[in-house]
Amino acid sequence: MRGHDAIQNSWFSYVSLEDRIPKQHPLRRLRLLVDGVLASMDAIFAERYSHTGRPSIAPEKLLRALLLQVLYTVRSERQLMEQLDYNLLFRWFAGLGVDDAVWERSVFSANRERLLSETLSREFFTRVLAIAEWQNLVSDEHFSVDGSLIEAWASHKSFIKKDGSGPDKPAGRNPDVDFSGEKRSNATHQSTTNPEARLYKKGEYTESKLRYITHALSENRNGLIVDVETTPATGTAEIEAAHKMIKRRVPQGGSVGADKGYDQTGFVNGLSERGVKAHVARNKTGSAIDGRTARGKGYAQSLKRRKIVEEAFGWIKTVGGLRKTRHIGLAKVAGQALFCFAAYNRRGCSTCWCSRRNRRGPEYRAKTASGE
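- Going by the annotation in an unreviewed UniProt entry, the name recorded for the chain is Transposase, with Methylomonas denitrificans given as the source organism.
- The annotation that UniProt attaches to the chain under Sequence similarities (unreviewed entry) is "Belongs to the transposase 11 family."
- UniProt, in its Function (unreviewed entry) section for the chain, records the words "Involved in the transposition of the insertion sequence IS5."

Next comes the structure, spelled out in structure tokens:
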């Protein structure tokens, strides 16, 4: 018998929001880990807010919502608020009830400015990494380093001479501008909308754009990111940032893999002075890596594993939305990069832990579920 297409709006719902989320949904595991990290940051949040005045958006809810924006590639705060309004999964993860009002987009963005800083994002990143270390998912000996370009939120039309000389700005919202025959460089020009972004290209036949560079140091066991630096786009930024991260994270006797861009005498000698093995891919001529190192089994293994850091860059650019940053200024871009890498590690922590748990069989899973 054919059913009737009867539509009747209900005033009440007798199914809780918790019951609507599938028991095996991956966000359930992620929510447990995220709540633990946010609970440990309670004192840090308290320092950033006054004890008087109008209550703001709870920092825990705001950061959960930002995490959803990264994980589900939501390209703007306006779309994020729209999803939070009707998506029950998003409401549940962020901590909103079914009847709770969604925040205004402008209010959410203003509150985000207080939290999405390099200092707080690095604190969140460090605590996520601590969980991975506790789960024994992080190698403490073998690492890989690399850098990737992040396109700045600025156009070529904003890149004008610093002294203000040149033709007057044409009238109109999006006027035509001809740069033919004009020599433009970071020494004489600067973006008016994003002054810290620099005109940069990495390859000989690639186009120059206003960019930043994000650098990452990954461990070679599961490919989790253990340190991040974001710098202006300069020719020496990759080497300088690599030395800074290696000094903070890599112990003596460890190894660091890298591509041919790091095959420089200064970089290799700097690692040797710290007692770190430089497993850098060799250039065809003039390589700083000696033949004895290149013949070792550890060197070959490092070159094979170093490519795993590219997966992290690919994830933050395609899924995390960091191919072109939406923020202006180096500090905000650095905070966004740290938060995206923390989300990448958080996803990796839950995935690696669950896969390891499943490999141990039903008895171990039953004990873990019961809290033993």
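From this point, the discussion proceeds with the structure in view.
1. So, the packing of aromatic side chains
Here is step 1: Scanning all chains against the criterion turns up seven aromatic pairs.
Here is step 2: Between the aromatic rings of phenylalanine 313 and phenylalanine 341, the centroid separation amounts to 5.9 Å while the plane-to-plane angle is 80°, which identifies the pairing as edge-to-face. Highlighted residues: phenylalanine 313 in helix α13 (residues 309-318) and phenylalanine 341 in helix α14 (residues 330-359), separated in sequence by 28 residues.
Here is step 3: Residue classification places phenylalanine 341 among the buried residues on the basis of a relative accessible area of 0%.
Here is step 4: Between the NZ or CZ atom of arginine 31 and the centre of the ring of tryptophan 92, over which it lies, the distance is 5.4 Å.
Here is step 5: One Lys or Arg, lysine 324, reaches over the ring of tryptophan 153 and ends 5.3 Å from the middle of that ring.

2. Describing the packing of helix α2 (residues 26-40) against helix α8 (residues 118-134)
Here is step 1: Running from N to C, α2 and α8 cross one another at 125°; their axes reach a closest spacing of 10 Å. Regarding the angle of α2 to α8, the classification is oblique. Of the two elements, α2 crosses α8, and the hand of that crossing is right-handed. Two secondary-structure elements touch here, α2 through Leu33, Val37, Leu38 and Ser40 and α8 through Phe124, Arg127, Val128 and Ile131.
Here is step 2: A class-by-class count of the residues in the contact of α2 with α8 yields six nonpolar, one polar and one charged.

3. With respect to the packing of helix α9 (residues 237-249) against helix α10 (residues 265-273)
Here is step 1: For the pair α9 and α10, the least separation of the axes is 11 Å and the interaxial angle reads 10°. On the basis of their axis angle, the class for α9 and α10 is roughly parallel. Across the interface between the two elements, Ile239, Ala242, His243 and Ile246 from α9 touch Gly266, Phe267, Gly270 and Leu271 from α10.
Here is step 2: Grouping the constituent residues of the contact of α9 with α10 by class yields five nonpolar, three polar and no charged.

4. Quick word on the UniProt feature "domain: Transposase IS4-like" (unreviewed entry) in the chain
Here is step 1: Listed under "domain: Transposase IS4-like" (unreviewed entry) in the UniProt record, and renumbered for this structure, are residues 200-345.
Here is step 2: Secondary structure content for residues 200-345 is 42% helix and 19% strand, while the C-alpha to C-alpha distance between its ends is 29 Å.

5. Quick notes on the environment of valine 34
Here is step 1: Assignment of secondary structure puts valine 34 in helix α2.
Here is step 2: Look at valine 34 and you get buried, because its relative accessible area is 1%.
Here is step 3: Residues valine 34 and leucine 63 lie 29 residues apart in sequence; the distance between their C-alpha atoms is 9.4 Å.
Here is step 4: In this structure valine 34 touches Arg64, Leu67, Phe93 and Arg346, once residues within four positions along its chain are discounted.

6. Examining the environment of valine 128
Here is step 1: Examined against the element boundaries, valine 128 turns out to sit in helix α8.
Here is step 2: With 94 residues separating them along the chain, valine 128 and valine 34 place their C-alpha atoms 8.3 Å apart.

7. Details of the UniProt feature "domain: Transposase InsH N-terminal" (unreviewed entry) in the chain
Here is step 1: UniProt tags residues 16-114 as "domain: Transposase InsH N-terminal" (unreviewed entry).
Here is step 2: Between the C-alpha atoms that bound residues 16-114 the distance is 33 Å, and the span itself is 66% helix and 0% strand.

8. Quick word on the domain arrangement of the chain
Here is step 1: Taken domain by domain, the chain holds domain 1 (17-116) and domain 2 (139-164 + 185-338).
Here is step 2: When each unit is reduced to the centre of its C-alpha atoms, the spacing between domain 1 and domain 2 is 31 Å.
Here is step 3: Residue-level contacts link nine residues of domain 1 with nine residues of domain 2.
Here is step 4: Across the interface of domain 1 and domain 2, roughly 700 Å² is buried in total on both sides, 53% from carbon and sulfur atoms.
Here is step 5: Residue glutamate 113 is joined to lysine 332 by a salt bridge in which the shortest nitrogen-to-oxygen separation is 2.9 Å.

The rules behind each value
Counting starts from 1 at the beginning of each chain's written sequence and moves along it residue by residue. Predicted model: local features are reported for residues with pLDDT of at least 70 only, side-chain atom pairs are reported and counted for 80 or more only, and whole-chain, interface and lining totals are derived from all residues. Hydrogens and water molecules were not included; the side-chain quantities draw on all heavy atoms of the structure. UniProt positions are given in the numbering used here, feature names are shortened, and annotations may be inferred rather than shown by experiment. Pairing of aromatic side chains here covers Phe, Tyr and the six-membered ring of Trp, requires ring centres within 6.5 Å, and sorts the geometry by plane angle: under 30 degrees stacked, over 60 edge-to-face, intermediate tilted. Strands are runs of DSSP state E lasting at least 2 residues, helices are runs of H or I lasting at least 4, and numbering of each runs from the N terminus. Only protein chains enter the accessibility calculation, which uses a 1.4 Å probe; a residue whose area is less than 20% of its type maximum is buried, one above 50% is exposed, and one in between is partly exposed. Two thresholds decide whether a charge sits over a ring: the Lys NZ or Arg CZ must be within 6 Å of the ring centre and within 35 degrees of the ring normal. Angular values range over 0 to 180 degrees, each being the angle between N-to-C directions of two axes fitted as lines to C-alpha atoms, with helices fitted over their stretch in contact. Roughly parallel means an angle under 35 degrees; roughly antiparallel, over 145; roughly perpendicular, 65 to 115; everything else is oblique. Left-handed describes a crossing whose near helix is turned anticlockwise from the far helix through less than a right angle; right-handed describes the clockwise counterpart. A contact between two residues is defined here by any heavy atoms of the two lying within 4.5 Å. Gly falls in the polar group here, along with every residue not listed as nonpolar (Ala, Val, Leu, Ile, Met, Phe, Trp, Tyr, Cys, Pro) or charged (Asp, Glu, Lys, Arg). Where each domain begins and ends follows an automated or database-derived domain assignment. Accessible area that two parts lose when put together, with a 1.4 Å probe and added across both, is what the buried area reports. Should a side-chain nitrogen of Lys or Arg be within 4 Å of a carboxyl oxygen of Asp or Glu, the pair is scored as a salt bridge.

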